[in-house]
Protein chains: 2
Amino acid sequence: MNYLEERILAEGIVKPGNVLKVDAFLNHQLDIGLLRWMGAEWKRRFAGRPINKILTIEASGIGLAVAAAEQFEVPAVFAKKGESINIDGDVYRAEIESFTRQNKSQVIVSKRFLGPDDHLLIVDDFLANGCALQGLLAICAQAGATVEGIGIAIEKGFQPGGQIIRNLGCRLESLAIVDAMSAETGRIVFRPQG
Amino acid sequence: MNYLEERILAEGIVKPGNVLKVDAFLNHQLDIGLLRWMGAEWKRRFAGRPINKILTIEASGIGLAVAAAEQFEVPAVFAKKGESINIDGDVYRAEIESFTRQNKSQVIVSKRFLGPDDHLLIVDDFLANGCALQGLLAICAQAGATVEGIGIAIEKGFQPGGQIIRNLGCRLESLAIVDAMSAETGRIVFRPQG
C-alpha cells in the first residue's frame, strides 16, 4: 500500500452518492508532505518523458500541479472555469460537466500558454466519469499539444472515466484506484498496483 | 528591485480598468521558480512567527499557498467559493465581493480545519480593495484563530485594501506594491521597499 492509499484509509470518509471525502489532506486542507510524495511519484512513473509543462484545472488540481511542477522543474498552467475579465478573448475553450457539482461549465486556457511545442503532463485530484479530463484533452487537441501522460491522485475504478481515458490511448497513472467503497461500512478497496 | 517586481516589469501587462495581467507567471501559468522565491521571502519576512497553517482562497491563491506551505512545512487550507456537495454543513462562512469579476460570492471553510489553536499566515495573489481578505479575516475571527500575518504577491497601492488591512493592525507583507500604472504607456511604478 502506498502513502496516498494509507492516507485515504486513515482519513478518507465515504459518503452516500459515491462521494469520497479527502478534504483533510487533498482538496480543502492540503498536506504538503503528501503533495511532495505525489509529485515525486509522478516524476518516477513518467521518467524519460519530455514533459515541459503541467496542465490542470482549477481549483483542486492547482495544488497537485504545483507539487508536480516542483519535481519536473517546469511551469504549471491551470484551466479556468467560466469567463473572467482578466482573460483575453484569445482562448481555447471546452465544455465540461462536473460529477460532484452536477453542473456544466466552460473551461478556458489562454492560447499564449499552450501550443504545438508543448509536451504535457495533465494532473487532477479525482478521475470518476472523466468529464473534466475530456475537456482538458479537447483543449490540448485544439492547441496541437502532445499529452505525454495523465497523473491522477484518486481514480474511482468503479466509474467509467479511467477506462475511457485508457481506451483513448493515453498513459494514465492513478496513484490510488478505488475499486469499491461503502458509505454504510466505510470500507474502501484499492486495486492492487505493481 | 526584487525578483517579483522584475517579472512584473518584464511580463506584466497593464489593461484599462486598473487591471494588471500577470497570467504568464502568477495566476494562469505558474512559474515554479518564482513561487519558490515568494514562499522563501514570506518565510524570511515572517521569521519567528509561530505559523502552523497557511490560509488562502481559491483559485489563484492556491499555488502561492502551496509554495508557502513548502517553506513553512505546514498544511495549507483554501477557502472555497460557493457551496459544494463535498462540503458538510459545518462551515465558517463569509460573503465577499470580487473586484475582478464584479460579483458577490460566499466563501466557506470547514470548521474541521480552522480553530482557536491555529496561527495563520494568509496569502493571496492580489490585494486591491481588500474584499477577499476581509472575508478571510471574518472567517478567522469566527474560528477564533490568530492571524500572524498576511502575505500578498501584488498590492495595488493606489486602491484602499492595503491601508484598510494595516489599519486593522494586521502585519501585511506585499512582495510588490504598485503605486501607479498606466494602460496607455504601460508604465508601472513600485513603492520602494526596505
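Since we're looking at a predicted model, the values are computed, not measured. (Residues numbered from 1 in each chain as written. Chains lettered and ligands numbered in written order. Predicted model: local features only at pLDDT ≥ 70, side-chain atom pairs only at ≥ 80, totals over all residues. Heavy atoms only, no water.)

Draft legend 1. Just the overall build of chain A, in detail. Scanning chain A from N- to C-terminus turns up five helices and eleven strands. Considering only C-alpha atoms, chain A reaches an extent of 50 × 35 × 30 Å along its principal axes. Across the 194 residues in chain A, those meeting the buried criterion constitute 57%. Partitioning the contacts of chain A with sequence separation of at least 6, the portion at a separation of at least 24 is 61%. As presented, chain A carries roughly 7700 Å² of accessible surface, and 47% of it is formed by carbon and sulfur atoms. Where the 21 positive side-chain charges of chain A centre and where its 23 negative ones centre are 1 Å apart. (Helix = DSSP H or I, 4+ residues; strand = E, 2+ residues; numbered from the N terminus. Buried < 20%, exposed > 50% of the residue type's maximum accessible area, 1.4 Å probe, protein only. Contact = heavy atoms within 4.5 Å. Areas by Shrake-Rupley, 256 points an atom, 1.4 Å probe, with all protein chains shown as cover. Lys, Arg positive; Asp, Glu negative; His and termini not counted. Charge placed at Lys NZ, Arg CZ, Asp CG, Glu CD.)

Draft legend 2. Representation of the nonpolar core. Residues Ile54 of chain A together with Ile54 of chain B are the most contacted members of the largest nonpolar core, which totals 131 residues. Sequence-distant contacts of Ile54 of chain B, defined by excluding residues within four places in its chain, comprise Ala65, Ala68, Ala69, Phe72, Val74, Pro75, Ala76, Val77, Leu121 and Val123 of chain B. (Core = buried A, V, L, I, M, F, W, Y, C linked by side-chain atoms within 4.5 Å.)

Draft legend 3. Quick look at the relation of the copies chain A and chain B. Superposing chain A onto chain B takes a rotation of 180° combined with a translation of 0.0 Å along the rotation axis, leaving an RMSD of 0.0 Å. Look at the turn and shift together and you get a two-fold axis relating the two. Among all residues of chain A, the one whose C-alpha sits closest to the rotation axis is Ala59 of chain A, at a distance of 2.6 Å. An overlap of 100% is found between the interface residues of chain A and their copies at the interface of chain B, pointing to a shared contact surface. (Least-squares fit on C-alpha atoms with pLDDT ≥ 70 in both.)

Draft legend 4. Inspection of the pairing of strand 9 (residues 146-156) of chain B at higher detail. All names here are of chain B. Of all eleven residues that make up strand 9, nine are buried, and the element is covered over most of its length. Bridge count between strand 8 (residues 119-127) and strand 9: eight bridges; the pairing is parallel. Looking across to strand 9, one finds that Val123 is bridged to Gly151. Regarding topology, helix 4 (residues 131-143) serves as the crossover connection from strand 8 to the parallel strand 9, and that connection is right-handed. Summarising the sheet, strand 9 and strand 10 (residues 172-181) pair through six bridges and their orientation is parallel. Across the sheet, Ile154 pairs through a bridge with Ala176, a residue of strand 10. (Pairing = 2+ DSSP bridges. Right-handed = clockwise from strand over helix to strand, strands pointing away.)

Draft legend 5. View of the packing of aromatic side chains. Residues and elements named next belong to chain A. Taken as a whole and judged by the stated rule, the model has two aromatic pairs over all chains. Note on Tyr3 and Trp37: the rings are 6.2 Å apart at their centroids and 80° apart in plane angle, and the pair reads as edge-to-face. Here the residue Tyr3 occupies a position in helix 1 (residues 3-11), and Trp37 occupies one in helix 2 (residues 32-45), the gap between them amounting to 34 residues. For Tyr3, a relative accessible area of 30% puts it in the partly exposed group. Seen from the ring of Phe126, Lys156 lies directly overhead, with NZ or CZ sitting 5.3 Å from the centre. (Phe/Tyr/Trp six-rings, centres within 6.5 Å; stacked < 30°, edge-to-face > 60°. Lys NZ or Arg CZ within 6 Å of the ring centre and 35° of its normal.)

Draft legend 6. Focus on the side chain of Glu58 of chain A. Tracing the backbone through its elements, the reader meets Glu58 of chain A in the loop between strand 4 (53-57) and helix 3 (61-72). Looking at Glu58 of chain A, the relative accessible area reads 12%, which means it is buried. Polar contacts involving the side chain of Glu58 of chain A include one to the main-chain amide nitrogen of Lys81 of chain A, which spans 3.0 Å. Aside from chain neighbours lying at most four places away, what touches Glu58 of chain A is Phe78, Ala79, Lys80 and Lys81 of chain A together with Ala59 of chain B. (Polar contact = N/O pair within 3.5 Å; in protein donor to acceptor, adjacent residues only side chain to side chain.)

Draft legend 7. Main features of unusual backbone geometry. Residue Glu58 of chain A is joined to Ala59 of chain A through a cis peptide bond whose omega torsion reads 0°. Positive phi, close to 60°, is recorded for Asn18 of chain A, a residue that is not glycine. Looking at where Asn18 of chain A falls in the secondary structure, it is placed in the loop between strand 1 (13-15) and strand 2 (19-21). Residues other than glycine seldom take positive phi values, yet Glu73 of chain B does so here, at roughly 60°.

Draft legend 8. Looking closely at the packing of helix 2 of chain A against helix 3 (residues 61-72) of chain B. One way to put it is that helix 2 of chain A packs onto helix 3 of chain B with a least axis distance of 10 Å and a crossing angle of 105°. Compared by their axis directions, helix 2 of chain A and helix 3 of chain B come out roughly perpendicular. Contacts between helix 2 of chain A and helix 3 of chain B involve Ile32, Leu35 and Arg36 of chain A on the former and, on the latter, Val66, Ala69 and Glu70 of chain B. Grouping the constituent residues of the contact of helix 2 of chain A with helix 3 of chain B by class yields four nonpolar, no polar and two charged. (Axes fitted to C-alpha atoms, helices over the stretch in contact; angles between N-to-C directions. Parallel < 35°, antiparallel > 145°, perpendicular 65-115°, else oblique. Nonpolar A, V, L, I, M, F, W, Y, C, P; charged D, E, K, R; others polar.)

Draft legend 9. Quick look at helix 4 (residues 131-143) of chain A. Over its 13 residues, helix 4 of chain A extends 19 Å from the first C-alpha to the last, a length consistent with the 18 Å expected when each residue adds 1.5 Å. Of the positions making up helix 4 of chain A, those classed as buried are Leu133, Gly135, Leu136, Leu137, Ile139, Cys140 and Ala143 of chain A. (Expected span 1.5 Å × (residues − 1).)

Draft legend 10. Focus on the interface of chain A and chain B. Tallying the contact residues gives 43 residues for chain A and 43 residues for chain B. There are six salt bridges connecting chain A and chain B. A salt bridge links Arg36 of chain B to Glu73 of chain A, with the shortest nitrogen-to-oxygen separation between them at 3.1 Å. Taken together, chain A and chain B are joined by 16 residue pairs in polar contact (both at pLDDT 80 or more). Counting only elements with at least two residues in the side of chain A that touches chain B, the list comes to strand 1, strand 2, strand 3 (29-30), helix 2, helix 3, strand 5 (76-81) and strand 7 (103-110) of chain A. Taken together, the two bridges between strand 5 of chain A and strand 3 (residues 29-30) of chain B define a ladder with antiparallel strand orientation. Looking across to strand 3 of chain B, one finds that Val77 of chain A is bridged to Gln29 of chain B. (Salt bridge = Lys/Arg side-chain N within 4 Å of Asp/Glu carboxyl O.)

Draft legend 11. Layout of the side chain of Asn27 of chain A. With respect to the secondary-structure elements, Asn27 of chain A resides in the loop between strand 2 and strand 3. A polar side-chain atom of Asn27 of chain A sits 3.4 Å from a polar atom in the side chain of Asp125 of chain A. Not counting the four nearest positions on each side in its chain, Asn27 of chain A is found in contact with Val22, Ser60, Asp125 and Phe126 of chain A together with Phe78 and Lys80 of chain B.

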